[in-house]
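# Results of the structural survey
Single-letter residue listing:
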Amino acid sequence: MPVFDVATVRKDFPILGRSVRGHPLTYLDNAATSQKPLAVIKALERYYSEQNANVHRGVHLLSEEATTAYEAARGSVAKFLGLKDTSGCVFVRGATEGINLVAECWGRTHLKAGDEILLTHLEHHANIVPWQVIAERTGAKVLVTPVTPRGEVDLVAFKGLLSARTKLVAFAHVSNALGTVNPAAEMTRLAKAAGAVVLIDGCQSAAHFKVDVPALGCDFYAFSGHKTFGPTGIGVLWGRPELLDAMPPYQFGGDMIRKVDFAGTTFREAPERFEAGTPDISGAIGLGVALEYFMPIQAAAHAHEQVLLAAATERLKAIKGLTIVGEAPEKVAVISFNIEGGHPHDIGTLLDADGIAIRTGHHCCMPLMKHYGLSGTARASFAFYNTLEEVDRLAVSLEKARKMMA
Ligand code: PMP
């Protein structure tokens, strides 16, 4: 494992040097969006300064260069997901669009009355609502796997809910609200044994540990670039090429067609099949650079984050009246909590005064919050560029907030 020096790594992220309300920025809202290394910022600048042209269409040099860079980014995505080829890697706006694409294009043609879609109670709204809507349209039914008090998917219940009626199983690799790492390979194996198609929402895993799609054995995997040190507006849906090629496209236009004639039109195969129109060229290039930046340090970054998680958990638990929500043994560095007598938003505002950025509210997981009888939580989410000193700042500021709210 390469030596991981957090002080050196931080220099790659210009924003981490800024101050907020007279304090050094302590950015602990990485589950909402991550910061970007200079390599990504420079790649965007270089693209627009030197290469900007539309892809796949031009015979001129700039278009060739832009196309090469765009397709090289797809290569980085395939490598990042442990894939041998790029054919299933579709560029989309983000995880939300990826999941919606599968619900619409796969769901519309494969689901019918009596079929079941199995989710879990800890899903983000982006992995609930598209399934609810397609269920309403097709007559399929949404079933929900319960979670344990510690915030793990109840595997016994999961097994019990799988049946010959289960046509699709969709679940988060990692919970954005609690940080729980789900046993994704095991859940996939069980779901596939029942004959279901499996979609994994990888939004919160991609930035924290190595994702090996072939080892997971799923059929679809979606993640967002902006949570993985890349730009906003770009993400990836990977799908098994044979499934993607059998799905009707959901947007029609340039680049995704094979032949257009007023007598009828034929479509290309994946990934172009689902990339109608001019794509987010700079976003894809930026994402490719982000992944190339991240991959060499991924294992060491994960180990560093686990040190931060252990330290922060210990410090927060020592604060009177503070309760951590979600204490699964397998977690990424995300801590959801409440402090007796204080509203999560008040905690967030008091921390902001000290330059500390956290997230408060339901985290787009209203059903999970309801399950715990909460309106929301405060959530500190770490990235590999966070430090033990920042853990200390968080704990000190929370202690101060607790006294002010008492
Ligand atoms: N799933 C999970 C688990 C998430 O955390 C998020 C973002 N918070 C999404 C899906 C949606 O991602 P995006 O908004 O980038 O499309």
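Along each chain, residues carry numbers from 1 onward, in the same order as the chain's sequence is written. Only residues with pLDDT of at least 70 are given local features in this predicted model, and only at 80 or more are side-chain atom pairs given and counted; all residues enter the totals for whole chains, interfaces and linings. In computing side-chain values, all of the structure's heavy atoms are included and hydrogens and water are not.

Here the focus is the domain arrangement of the protein chain. Domain annotation for the protein chain reports domain 1 (6–36 + 297–405) and domain 2 (42–295). Domain extents, as shown, originate in an automatic or database domain assignment. For domain 1 and domain 2, the distance between their C-alpha centroids amounts to 28 Å. We call two residues contacting when some pair of their heavy atoms lies within 4.5 Å. Contacts between domain 1 and domain 2 engage 38 residues on the former and 34 residues on the latter. The largest share of the area that domain 1 buries against domain 2 comes from Q298, V332 and L368, three residues that together contribute 22% of it. Throughout this description, the term salt bridge denotes a Lys or Arg side-chain nitrogen within 4 Å of a carboxyl oxygen of Asp or Glu. One can count zero salt bridges joining domain 1 with domain 2. Any pair of nitrogen or oxygen atoms within 3.5 Å is treated as a polar contact; in protein, a donor-acceptor pairing is required on top of that, and neighbouring residues in sequence qualify only through side-chain atoms on both sides. Taken together, the connections running from domain 1 to domain 2 amount to 29 residue pairs in polar contact (both at pLDDT 80 or more). A helix here means a DSSP run of H or I that spans at least four residues, while a strand means a run of E at least two residues long, and both kinds are numbered starting from the N terminus. Of all the secondary-structure elements, those providing two or more residues to the side of domain 1 that touches domain 2 are α11 (298–317), β14 (334–339) and α13 (366–371). When residues in the side of domain 1 that touches domain 2 are grouped by element, the largest group, five residues, is from α13. Amino acids are sorted into nonpolar (Ala, Val, Leu, Ile, Met, Phe, Trp, Tyr, Cys and Pro), charged (Asp, Glu, Lys and Arg) and polar (every other residue, Gly among them). The residue inventory of the side of domain 1 that touches domain 2, partitioned by class, reads 21 nonpolar, 10 polar and seven charged. Take the accessible area each of two parts loses on contact, using a 1.4 Å probe, and add the two losses: that sum is the buried area.

Strand order in the open sheet made by the seven strands is β4-β10-β9-β8-β7-β5-β6, with mixed pairing throughout. The sheet is open, and its two edges are formed by β4 (89–92) and β6 (141–145), each paired on a single side. Taking each pair of neighbouring strands and ignoring which way they run, the sheet shows an average axis angle of 20°. Looking at chain direction, strand β5 (residues 116–120) and β6 are connected through five bridges and run parallel. Pairing of L118 across the sheet is with L143, part of β6. A pair of strands is labelled paired if DSSP reports no fewer than 2 bridges between them. Note on definitions: angles span 0 to 180 degrees between N-to-C directions of axes, and those axes are lines fitted to C-alpha atoms, for helices only across the stretch in contact.

Residues with no salt bridge and a relative accessible area higher than 30% make up the patches, which join like charges within 9 Å and nonpolar side chains (Val, Leu, Ile, Met, Phe, Trp, Tyr) within 5 Å. The Shrake-Rupley method, run with a 1.4 Å probe sphere, supplies the accessible areas, and residue values consider only the shown protein chains as cover. Only four residue types enter the tally: Lys and Arg on the positive side, Asp and Glu on the negative side, with His and both chain ends excluded. We put the charge of a Lys on NZ, of an Arg on CZ, of an Asp on CG and of a Glu on CD. On the surface, E45, E50, E64 and E65 cluster together into a patch of negative charge. Elements represented by at least two residues in the negative patch include exactly α2 (38–51) and α3 (61–80). Structurally, E50 is set in helix α2. Per-residue accessibility, obtained with a 1.4 Å probe over protein chains only, is compared with the maximum for each type, and a residue is labelled buried under 20%, exposed over 50%, and partly exposed between these values. We classify E50 as exposed; its relative accessible area is 53%.

Take the packing of aromatic side chains next. Aromatic ring pairs are defined here through the distance separating the ring centres and the angle between the ring planes. Side-chain rings of Phe, Tyr and Trp (the six-membered ring for Trp) are treated as a pair once their centres are within 6.5 Å; stacked means planes under 30 degrees apart, edge-to-face means over 60, and tilted covers the remaining angles. A complete count under the given rule lists 14 aromatic pairs for this structure. Ring geometry for Y47 and Y48: centres 5.0 Å apart, planes at 70°, overall edge-to-face. Judged by its relative accessible area of 53%, Y48 is exposed. Ring centres of F80 and F223 lie 5.5 Å apart, and the angle between their planes is 50°; on these two criteria the pair is classed as tilted. Within this pair, whereas F80 is found in helix α3, its partner F223 is found in strand β9 (residues 220–224), the two being separated by 143 residues in sequence. Here F80 and F223 have matching classes, each one buried. Three or more aromatic residues joined by ring pairs make a cluster, and in this case those are F4, F13, F80, F223, F229, Y293, F294, F384 and Y385.

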